[in-house]
Amino acid sequence: MQINADLHCHSTVSDGWLAPADVVRRAAANGVNLLALTDHDEVGGIDEARAEALRLGVQLLAGVEISVTFLKETVHIVGLGIDHRDAQLLEGLESVRGGRVQRARKMSAALDAAGIHGAFEGACRLARNPSMVGRAHFARYIVSTGLMPDVSTVFQYYLARGKPGYVEHEWASLEDAVRWIRGAGGVAVLAHPARYRLSTGELHRLLERFVACGGEGIEVIAGAHTEADTVKFAGIARRWGLLASRASDFHGEGESSVELGRSCGLPPDLTPVWTRFV
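What you see is a predicted model, and the numbers here were worked out from it, not measured in a lab.

Our next topic: the pairing of strand β2 (residues 34-37). Side-chain alternation along β2 places L34 and A36 on one buried face and L35 and L37 on a second face that is also buried. Where strand β1 (residues 5-6) meets β2, two bridges bridge the pair, whose relative direction is parallel. Bridge pairing links A5 to L34 in β2. Between the parallel pair β1 and β2, the chain is carried across by helix α1 (residues 20-29), and the sense of this crossover is right-handed.

Below, the structure written as structure tokens:
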């Protein structure tokens, strides 16, 4: 059977537009037969997604995307094939989520000073999970006011590092994130590596530490990656002996550059991360 794998996407449990079951239905309609739901720092949508996946004949991997601070940059580590009821993982994710509301209030105050009022309340109205209010919800609120045309423009002018609404935050350590994933029986994958503002030397340091603490995979194909990025990170996967992942990082129609299950294929000489699961 040919595998159409999409191993990174989001639901309303974090910052996606669709409920977990709706994510699965959309993926199935697009021909996905191996799906991982990987909400930010949260696994509350896995049971709903799994029930729908069983009904539709889609293999679902329980997943999560953990926020990590590395050299003052926010880096994301995807966990695939986890036991989403593992006590240590759940405790770790709760600790990461704990600072989100506090950060959101600071972001709102910063945006208020920049002339955008009521942002916290507006973002919370758009967050189905109040404990997961984040930049995407602020961006959607600002779009809804008519001030900016789309989410990517909001990030460019207000929510990226150095912009008026950006607030620094200390997330999990790289070592803790990988330990939680491995302890829950999962495979740790470095998400969308082209997105990080790291020099060549800093990226090398990230990979070195990631592999040393048990990281095993890297997203070669990701929604944010260009063709050049794919070539670059395919080469890195070869040099570091990493499993290769394919992902859309889908959040919702009109907001994501790649549709569920419609990413390009992996270079044929790489070992897909899904060989661990199928």
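Overall, the coordinates contain 17 salt bridges when judged by the stated rule. Of the charged contacts, one joins E42 and R97 as a salt bridge, the two residues approaching to 3.8 Å between their closest N and O atoms. Taken together, the residues span a long stretch of sequence, with E42 in the loop between β2 and α2 (46-56) and R97 in helix α3 (residues 87-97) at a distance of 55 residues. Accessibility assignment for this pair places E42 and R97 in one class, buried. Between E73 and R161 there is a salt bridge, with its nearest N and O atoms 2.8 Å apart. Separated by 88 residues along the polypeptide, E73 in strand β4 (residues 73-80) and R161 in the loop between α7 (151-159) and α8 (174-183) bring together distant segments of the chain. The exposure class assigned to R161 is partly exposed, which follows from its relative accessible area of 23%. Ionic contacts of the salt-bridge type, sharing partners, join the residues D22, R25, E52 and R55 into one network.

Burial analysis of helix α6 (residues 135-144) places seven of its ten residues in the buried class, which makes it a mostly covered element. Every buried residue of α6 is listed here: A136, H137, F138, A139, R140, Y141 and I142. Packing partners of the buried residues in α6 comprise α4 (100-113), α5 (119-126) and α7.

Below, the discussion takes up the environment of E91. Considering the arrangement of structural elements, one finds E91 in helix α3. We classify E91 as exposed; its relative accessible area is 61%. In this structure, the C-alpha to C-alpha distance between E91 and W180, residues 89 residues apart in sequence, is 9.2 Å.

Turning next to the layout of surface pockets. Counted as a void, the largest pocket has a volume near 1400 Å³. Lining the largest pocket we find 45 residues, and of these H76, R135, F155, R195 and D249 sit closest to its centre. At the level of secondary structure, the elements contributing two or more residues to the lining of the largest pocket comprise β3 (59-70), β4, α4, α6 and α7. Of the volumes computed, that of the second largest pocket is approximately 200 Å³.

Here the focus is the side chain of N33. Along the chain, the position of N33 falls in the loop between α1 and β2. Within polar-contact distance, the side chain of N33 engages the backbone nitrogen of N4 at 2.9 Å. In contact with N33, other than residues within four places in its own chain, are M1, Q2, I3, N4, V58 and Q59.

A word on the sheet that holds β1. With mixed pairing, seven strands are arranged side by side in an open sheet as β1-β2-β3-β4-β5-β6-β7. Looking at strand neighbours, the two that pair on one side only are β1 and β7 (243-246), the edges of this open sheet. This element, helix α9 (residues 200-212), spans β3, β4, β5 (187-190) and β6 (217-221) of the sheet and lies at about 180° to β5.

We now examine unusual backbone geometry. With a phi close to 55°, D41 is a non-glycine residue in the positive phi region. Here D41 shows up in the loop between β2 and α2. Overall, the relative accessible area of 0% leaves D41 in the buried class. Its identity is not glycine, yet D249 carries a phi of approximately 55°, on the positive side. You can call D249 buried: its relative accessible area is 11%.

Conventions and cut-offs
Residues numbered from 1 in each chain as written. Predicted model: local features only at pLDDT ≥ 70, side-chain atom pairs only at ≥ 80, totals over all residues. Heavy atoms only, no water. Buried < 20%, exposed > 50% of the residue type's maximum accessible area, 1.4 Å probe, protein only. Helix = DSSP H or I, 4+ residues; strand = E, 2+ residues; numbered from the N terminus. Pairing = 2+ DSSP bridges. Right-handed = clockwise from strand over helix to strand, strands pointing away. Salt bridge = Lys/Arg side-chain N within 4 Å of Asp/Glu carboxyl O. Contact = heavy atoms within 4.5 Å. 1 Å grid on protein atoms, 1.4 Å probe; cavity = no way out; pocket = protein on both sides within 12 Å on 5 of 7 lines; lining within 4 Å. Points joined across faces, edges and corners; volume = space filled by probe spheres on them. Polar contact = N/O pair within 3.5 Å; in protein donor to acceptor, adjacent residues only side chain to side chain. Axes fitted to C-alpha atoms, helices over the stretch in contact; angles between N-to-C directions.

As far as function goes, none of this settles anything; it's purely spatial.
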